[in-house]
Amino acid sequence: MAKGLIKRTKLEIAKSPAGLEGPGFFASKLEDVIGLARANSLWPLPFATSCCGIEFMATMASNYDMARFGAERLSFSPRQADLLMVMGTIAKKMGPTLRQVYEQMAEPKWVLSVGACASSGGIFDTYSVLQGIDRIIPVDVYVPGCPPRPEQIIEGIMKIQELAKNESFRRRNSDEYKKMLTSYGIE
Amino acid sequence: MDKKELLELVHTKLKEKFHGSIESAELLYDFPVFVINKEHIHDALSFLKTDSELNFHFLTDLTGFQTPDEKHLGVIYHLHNMSKNFRIRVKTFFAMSNPEIPTAVDIWPAANWMERETYDFYGVKFNGHPNLKRILNVDEMDIYPMRKEYPLEDQSRDDKSDKMFGR
C-alpha cells in the first residue's frame with residue numbers, strides 16, 4: 001500500500017473523573033467511577049418494530065459503528081440490558097409486551113424512544129396505534145425524525161451516556177423515582 | 001366458458017333452488033356478482049360448494065362492508081373453483097340494527113379467521129362461529145373501527161385541537 005494512504009486516527013480515551021492523583025494511586029468518588037463504567041458499556045435491547053429499526057441497523061453497522069460508544073453488545077434478553085431502544089410504531093396490541101419487556105429489565109435502566117411513532121404515534125393517529133410509548137413506560141431521551149438519521153440516533157445514545165454518567169447513586173431508591181414508576185402503574 | 005355464460009349457469013342453478021331469495025345477478029366489472037338475501041345465504045353458499053358442476057371449493061375472501069347511507073351492513077364472499085377456473089362474488093345485506101348472519105365455517109373452515117376479522121372491524125355476529133372474538137384489535141376495544149359512526153383518529157390525543165391548526 002502506497003505511503004500516505006493510511007490515515008492515522010486519533011484515538012480518544014474516556015476522560016477519567018475528577019480526583020486526587022499521585023504516583024501509583026488515584027482517588028475519586030465511587031459514584032463517578034461507576035457512572036463512567038456504566039456510560040461506556042451500555043447494553044442496548046433493540047425493540048425494533050418498523051423502519052426506524054432499519055436506521056438502527058445502519059447505526060450498528062460499520063459506517064456509523066455504535067461499538068465506538070461501548071454499545072456493541074446487543075442484549076436480546078431484557079434481563080441483561082441497560083438501555084431499551086424502542087424504534088418504530090407501537091400498536092396498542094404491542095403495548096403490554098413492551099411494558100413487560102421494560103418491567104423485566106434490571107435497574108439501572110434507561111429508555112430511548114427513537115422516531116416520531118415511538119415518541120408520539122407519528123403519522124399514525126389512528127385507533128390501533130399507541131400515541132407515544134410514554135403513555136405506558138417512562139422515557140429518558142426522545143429522538144425525533146421519520147426516520148431519524150443514524151447521526152441522530154447516536155446523539156440520543158450520547159445523551160443517554162450523559163444521563164448514566166451523571167446519575168446519582170441513590171436516584172433509583174429515591175421516593176421521587178418510585179413515585180414516577182407508580183404513576184405508570186409499575187410495581 | 002366466459003363470464004357471461006358462467007353468470008347464466010350459476011344464476012339458473014340458484015334460481016331452481018332459491019327462487020325468491022336472489023335479489024340480483026349481474027356482471028359487474030367483468031365479474032359475476034350475486035346478491036342473495038340473508039335468510040338463505042347459508043343454504044345458497046352450501047349449495048354452491050356441494051353442487052357437482054359448480055363446486056366452489058375455495059373461499060378466496062370474506063369481508064364486511066357498510067353502505068354509504070350508514071343503514072346497512074354487508075358481507076361479501078369471493079368463491080373460486082380452481083379446476084374449472086370459475087370465480088364469482090356473493091353479497092348479502094342486512095340492517096345495522098340486527099347484524100347477525102349464519103357462519104360459513106361449517107362450509108369452508110377458512111372462513112374462521114376471516115369472520116373473526118369481519119366481526120372485529122364491522123361488528124357482524126356470525127351465528128354458530130366456534131370462536132367469535134376479536135382477532136387483530138385489542139380485546140378491550142369497545143368500538144367496531146371500520147364503521148363510519150366511529151372516528152378513525154385515536155380519541156386520547158389532546159394535541160390535535162382545532163386551535164393548533166387555526167381552524
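Our structure is the block above this text.
Structure report, in brief. (Residues numbered from 1 in each chain as written. Chains lettered and ligands numbered in written order. Predicted model: local features only at pLDDT ≥ 70, side-chain atom pairs only at ≥ 80, totals over all residues.)

## What to know about the overall build of chain B
Stage number 1. Regarding its fold elements, chain B presents three helices and seven strands.
Stage number 2. Walking chain B from its N terminus toward its C terminus, one meets helices and strands in the order α-β-β-α-β-β-β-β-α-β.
Stage number 3. In chain B, which comprises 167 residues, the proportion classed as buried is 23%. (Helix = DSSP H or I, 4+ residues; strand = E, 2+ residues; numbered from the N terminus. Buried ≥ 20, exposed ≤ 12 C-beta atoms within 10 Å, placed from the backbone.)

## Thoughts on the interface of chain A and chain B
Stage number 1. With nine residues of chain A at the interface, the matching set in chain B holds nine residues.
Stage number 2. Classifying every residue of the side of chain A that touches chain B gives two nonpolar, four polar and three charged. (Contact = placed C-beta atoms within 7 Å. Nonpolar A, V, L, I, M, F, W, Y, C, P; charged D, E, K, R; others polar.)

## Here's the deal with the sheet that holds strand β4 (residues 72-81) of chain B
Sheet strands pair via backbone hydrogen bonds, and the direction of the pair is either parallel or antiparallel.
All names here are of chain B.
Stage number 1. With respect to topology, five strands assemble into an open sheet ordered β1-β2-β5-β4-β3, the strand pairing being mixed. The open sheet has two edge strands, β1 (22-28) and β3 (58-66), and neither has a second partner. For this sheet, the mean angle separating the axes of adjacent strands, direction not counted, is 20°.
Stage number 2. Alignment of strand β2 (residues 31-36) against strand β5 (residues 86-95), held across three bridges, turns out to be parallel. Directly across from Val33, in β5, lies its bridge partner Arg89.
Stage number 3. Of the strands in this sheet, β3 and β4 are in contact with helix α3 (residues 111-122), which crosses β3 at around 10°. (Pairing = 2+ DSSP bridges. Axes fitted to C-alpha atoms, helices over the stretch in contact; angles between N-to-C directions.)

## A word on the packing of helix α1 (residues 30-39) of chain A against helix α5 (residues 150-166) of chain A
Residues and elements named next belong to chain A.
Stage number 1. Where α1 contacts α5, the two axes come as close as 7 Å, and the packing angle between them is 155°. By the angle between their directions, the pair α1 and α5 is classed as roughly antiparallel. Here α1 runs over α5; the crossing is right-handed. Facing α1, whose interface residues are Gly35, Leu36, Arg38 and Ala39, α5 presents Gln161, Ala164, Lys165 and Asn166. (Parallel < 35°, antiparallel > 145°, perpendicular 65-115°, else oblique. Left-handed = near helix turned anticlockwise from the far one by under 90°.)

## With respect to the sheet that holds strand β4 (residues 83-87) of chain A
Residue and element names in this part refer to chain A.
Stage number 1. The strand order β3-β4-β5-β6 describes an open sheet built from four strands, whose pairing is parallel. What marks the edges here is a single partner per strand, and that holds for β3 (44-48) and β6 (141-143). Neighbour-to-neighbour, the strand axes of this sheet turn through a mean angle of 15°, independent of strand direction.
Stage number 2. Where β3 and β4 come together, five bridges link them in parallel fashion. Opposite Ala48, over in β4, you have Met87 as the bridge partner.
Stage number 3. The sheet strands contacting α5 are β4, β5 (110-114) and β6, and the helix crosses β5 at an angle near 160°.

## Some details on the nonpolar core
Stage number 1. Grouped together as the largest cluster of nonpolar side chains are 36 residues, with contacts concentrated most on Leu83(A), Leu84(A), Met85(A), Val86(A), Leu112(A) and Val114(A).
Stage number 2. Broken down by element, this core gets its largest block of residues, five residues, from β4(A).
Stage number 3. Among residues more than four places away in sequence, those in contact with Met85(A) are Pro44(A), Leu45(A), Pro46(A), Phe47(A), Phe56(A), Leu112(A) and Val114(A).
Stage number 4. Counting residues in each nonpolar core, the second largest holds 31 residues, with Val10(B), Leu73(B), Tyr77(B) and Ala104(B) among its members. (Core = buried A, V, L, I, M, F, W, Y, C linked by C-beta atoms within 7 Å.)

## Here we look at the pairing of β1(B)
The side chains of a regular strand alternate, residue by residue, between the two faces of the sheet.
Stage number 1. For β1(B), a buried count of zero out of seven residues is recorded, marking the element as mostly open to its surroundings.
Stage number 2. Linking β1(B) back to β2(B) in an antiparallel pair, the connection comprises two residues, with Tyr29(B) at a positive phi of about 50°.

## A short note on helix α2 (residues 51-60) of chain A
Stage number 1. Listed in full, the buried residues belonging to α2(A) are Cys52(A), Glu55(A), Phe56(A) and Thr59(A). For α2(A), the angular spread of buried residues about the axis comes to 105°, placing them on one side. (Arc of directions from axis to C-beta.)

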